[in-house]
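Coordinate analysis (summary)
Residues per chain are reported as follows:
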Amino acid sequence: MLLVLGRPGSGCSTLLRVLGNQRKTYTRIDGTVLYGGLTPKEVQRHYRGEVAYNQEDDVHFPTLTVRKTLEFAINCKIPSRQVLQDPERYRREFLDMLLDMYGLKGCADTIVGNAFLRGVSGGERKRVSIAEQVASGASVDVWDGSTRGLDSSSALDYVRSLRINADLLQKSVVATIYQASESIYQLFDKVMVIDEGRQLYFGPIDKAVDYFGSIGIEKPRRQTTSDFLTGVTQLHERRVRPGWEERAPKTAEEFEQLWMQSPEYQQTTQDAKQLYEQIQTDHRPSELQTFIDRTKMGTSRLKFRRKSPYTTTFVFQFYLLIIREWEIFLGNKTAIIFKVIYNIAFAIIVGTLFIRLPHNTDSFFTRGGVLFFALLFNSLTSMAEIPKAVTGRQVVYKHKGLAMYHPAALSLAQTLVDTPFMLFQVVVFGAILYWSTALQRTAGHFLAFLLFLYIGALCLTAFFRLVGNVSPNVDIGHTISGISLLFMILYVGYLIPPPHMHPYFKWIYWTNPLAYGFKALVSNEYRNMRYPCAPHSLVPRGAGISIANQVCTISGAVPGQLLVRGRDYLEQHYSIHVRDEWKDFLGVVGYWLVFVFLIAAVMEFVEYGNTGYTISVSKRFKPRTVEPESNEQDEEAIAKDGTTYTWKDVDYTVPVKGGDRQLLHG
């Protein structure tokens, strides 16, 4: 176990990200890193889950409970039956062990929550992140500031659990812990001190104080070793031994030079060289590869599975993700209720605006407007996929780094989970709108209307989800979607009929999935329609003029005939042919399948903003000077001083399974 210490901004997170094989955000990395003889490229391609990096921020799906979050992590990393005979017992006992080890049993059925949704406390959420990474079963665990948000007792229990895992499972652990207590410090084997990206010390924890004492910097009484090591470069904090005022190093460069000239550094270099030679001679990389391959599902039947970094198969991941996505969906009941009320309200509003359209040619253009709005409404509601895709990508990146599942499997699971509720929305919205506006009142027309509307909603949802996944942030995603939706609406074929479109932009019409959906809807509505011409549309008008001497001014009308066929109106006014109704429907289905495939490819291979860390900016205070000598009685008086934290008339409850639990009262 290695403890990395340094002031904020000294490069601790950068070092840990490199050791955790998180290299994509760096243009160049010098030096060599080996994981049991495997190069970082080999680990990234075939053994990604064996090196786990835990970032400082806690990112989870907020509507999942603690139990469901950990169950999913365990299921995604469950070994094959070659090394595990009873998977169900393994799941159950491993979950109970994690809940007990990290003190999460009391909040196991509470949602994780986030900044906007109340759930477990910040300390409990941090322990969920720790337990989730432990469940991944990585051989190398890298913890970046993972004790932030934990009290001293919880932090000590957490480091003790790392010690137990490292001893029992022979794991390598690298961690940064700010303001670590002496009890925490003593649990580590080695410590590294860095400043400004330079190594000041690397070696056993019990020799660090002696080393810095040998270069003129002594450790004050009552100061923890970690605080002493972190502040050795702070001229206003450190204590210099008498006679070393001029010789003691002051800058990171001077510390580095003294370290590289020290016998401790030479011994460390020699140990590293011997370890490298040992790895090359005892064939450790091949042994490690053989063992990991045995834990993967399907390697006995499918040879290519050995090259996959994932423990479970794609189909098994797809099954687990369907269950998880459904639980996430049901966890946000407020959003479900809002969507239902929203759809019903808009269907009633629009239905009453176009209530009972007349059965004559006056309704020809208006019926197209009703169908256009029905398609447009579902398109606009689908834009909610953009912020959902952007905000959820950090969790996906974390799980991908832990080799839990293929992001492509997640995209397919999201698509499948969307279908039942979207069908419910379309049926509710479409039924109210259809019958209130008096469209073609036959079962065939109505069912075809719902089918075309449903496929159009799926297609536009997939399109906006694709936009969200290819956009670096929400702002760019909304910009792309707004511009694309503007052109799709203008060139849907209703506001600007195809014969009147500018030839330079008509390609937008032919590549517009919304246009194919609109053509299918109007073809279904108008194909058997034969309505009489409205009296004010007949010319010439006057008493005694027979229909044989009149003509209807509506497109598609035949001189001398009162009835106008809907299909003739579509062909002359919109250049839409009713015989192409199902071809247009298949066009929308084709676009939907293409979008689904592209989403899976983008989620699998494209990453935006996967930095894995944040920059915390703290308020600066004037440095406090430390006297070279202090009175022992003053130190004891300071140690006895304390503060008392109290509250009054404060009630705090958290949602749990079956109701609420009150944590504070009065």
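Rules used in this analysis
- Counting of residues starts from 1 at the beginning of each chain's written sequence and follows it residue by residue.
- Since the coordinates come from a predicted model, pLDDT governs what is reported: local features require at least 70, and pairs of side-chain atoms require 80 or more to be given and counted, while whole-chain, interface and lining totals use all residues.
- Hydrogens and waters are ignored; side-chain quantities use all the structure's heavy atoms.
- Helix and strand labels come from DSSP, where a helix needs a run of H or I of at least four residues and a strand needs a run of E of at least two; each type is numbered from the N terminus.
- To get the radius of gyration, use the C-alpha atoms; to get the globule rule, take the number of residues to the power 0.38 and multiply by 2.2 Å.
- Burial here depends on accessible area, computed with a 1.4 Å probe over protein chains only, as a share of the maximum for the residue type. Under 20% is buried, over 50% is exposed, and the range in between is partly exposed.
- Two residues qualify as a contact provided that any one of their heavy atoms is within 4.5 Å of a heavy atom in the partner residue.
- By salt bridge we mean one thing: a side-chain nitrogen of Lys or Arg within 4 Å of a carboxyl oxygen of Asp or Glu.
- Only a pair of cysteine sulfur atoms within 2.5 Å qualifies as a disulfide here.
- One requirement defines pairing of two strands: DSSP has to find at least two bridges between them.
- Where helices are involved, their axes are fitted lines through C-alpha atoms of the stretch in contact, as for all axes, and angles between N-to-C directions lie from 0 to 180°.
- Orientation labels follow simple angle bins: below 35 degrees gives roughly parallel, above 145 gives roughly antiparallel, 65 to 115 gives roughly perpendicular, and whatever is left gives oblique.
- By convention, the crossing between two helices is left-handed when the near helix turns anticlockwise from the far helix through less than a right angle, and right-handed when the turn is clockwise.
- Three categories are distinguished: nonpolar for Ala, Val, Leu, Ile, Met, Phe, Trp, Tyr, Cys and Pro, charged for Asp, Glu, Lys and Arg, and polar for the others, with Gly belonging to the last.
- Every residue carries a pLDDT, the predictor's confidence in it, which falls somewhere between 0 and 100.
- Between rings of Phe, Tyr and Trp, where Trp is taken as its six-membered ring, a pair exists when centres lie within 6.5 Å; planes separated by under 30 degrees are stacked, by over 60 edge-to-face, and by other angles tilted.

A few words on the overall build of the protein. Tallying secondary structure elements over the protein gives 25 helices and 14 strands in all. Relative to the globule expectation of 26 Å for 666 residues, the C-alpha radius of gyration of the protein, 34 Å, shows a markedly less compact shape. Along the first, second and third principal axes, the C-alpha atoms of the protein reach 125 × 65 × 50 Å. Classification of the 666 residues of the protein by burial places 48% in the buried group. In the protein, of all internal contacts separated by at least 6 residues, the share reaching a separation of at least 24 is 71%.

Throughout the structure, instances matching the rule amount to 26 salt bridges. One salt bridge connects Arg-163 with Asp-167, and the closest N-O pair in it is separated by 2.9 Å. Residue Arg-163 and its partner Asp-167 are located together in helix H6 (residues 152–169), separated by four residues, close to a single helical turn. We classify Arg-163 as buried; its relative accessible area is 16%. For Lys-519, the salt bridge goes to Asp-584, with nearest N and O atoms at 3.6 Å. One end of the pair, Lys-519, is in helix H22 (residues 513–526); the other, Asp-584, is in helix H24 (residues 581–605), and 65 residues separate them in sequence. According to the relative accessible area criterion, Lys-519 is buried, its value standing at 8%. Its relative accessible area of 6% is what places Asp-584 among the buried residues.

What the rule picks out here adds up to one disulfide. Here Cys-533 pairs with Cys-552 through a disulfide, and the sulfurs are 2.0 Å apart. Its S-S torsion of about 75° marks the bond between Cys-533 and Cys-552 as right-handed, since a negative value means left-handed. With Cys-533 in the loop between strand E9 (530–532) and strand E10 (538–539) and Cys-552 in strand E11 (residues 551–552), the pair connects residues that are 19 residues apart, well separated along the chain. No difference in accessibility class separates Cys-533 from Cys-552, as the two residues are buried.

What follows covers helix H23 (residues 566–573). One turn of an α-helix holds 3.6 residues; hence residues three or four places apart share an orientation. Every buried residue belonging to H23 is among Gly-566, Asp-568, Tyr-569 and Leu-570, and all of these are buried. Considering only its buried residues, H23 is in contact with helix H15 (364–381), H22 and strand E12 (563–565). Just downstream of H23, Ser-575 is the residue with a positive phi angle, here 55°.

Consecutive side chains along a regular strand alternate between the two faces of the sheet. For strand E5 (residues 190–195), a buried count of five out of six residues is recorded, marking the element as mostly surrounded by other parts of the structure. Pairing geometry for E5 and strand E6 (residues 198–204), over six bridges, is antiparallel. The residue bridging Val-191 from the neighbouring strand is Gly-203, located in E6. In textbook terms, the turn of a hairpin is the stretch between consecutive antiparallel strands, and for E5 and E6 this stretch comprises two residues, one of which, Glu-196, has a positive phi near 55°.

Looking now at the environment of Pro-242. Residue position: Pro-242 is located in the loop between strand E8 (239–240) and helix H10 (252–260). Overall, Pro-242 belongs to the exposed group, its relative accessible area being 70%. When the C-alpha atoms of Pro-242 and Ile-217 are compared, they prove to be 9.4 Å apart, with 25 residues separating the residues in sequence.

A few words now on the packing of helix H14 (residues 333–353) against helix H18 (residues 407–436). Interaxial distance between H14 and H18 falls to 8 Å at its minimum, and their mutual angle equals 20°. One way to sum up the angle between H14 and H18 is to call them roughly parallel. In this structure, H14 meets H18 at a crossing whose hand is right-handed. Residue-level contacts link Ile-336, Lys-339, Val-340, Asn-343, Ile-344, Phe-346, Ala-347, Ile-348, Val-350 and Gly-351 of H14 to Phe-421, Phe-424, Gln-425, Val-428, Phe-429, Ile-432, Leu-433 and Ser-436 of H18. Its residues assigned to classes, the contact of H14 with H18 comprises 13 nonpolar, four polar and one charged.

Right, let's get into the confidence of the model for the protein. Residue-level pLDDT values for the protein average 87, and 91% of them are 70 or greater. Within the protein, the lowest mean pLDDT, 47, falls on helix H25 (residues 632–640), and the highest, 96, falls on H24. In the predicted structure, residues 635–642 sits below a pLDDT of 50 and forms four contacts with residues beyond four places in sequence or in another chain.

For any pair of aromatic rings, geometry is given as the distance between the ring centres together with the angle between the planes. Counted according to the given criterion, the structure contains 45 aromatic pairs. Judged by centre distance (6.3 Å) and plane angle (90°), the ring pair of Phe-212 and Phe-228 falls under edge-to-face. Remark: Phe-228 occurs in helix H9 (residues 225–230) and Phe-212 occurs in helix H8 (residues 208–214); sequence separation between them is 16 residues. In terms of burial, Phe-212 and Phe-228 fall into one category: buried.

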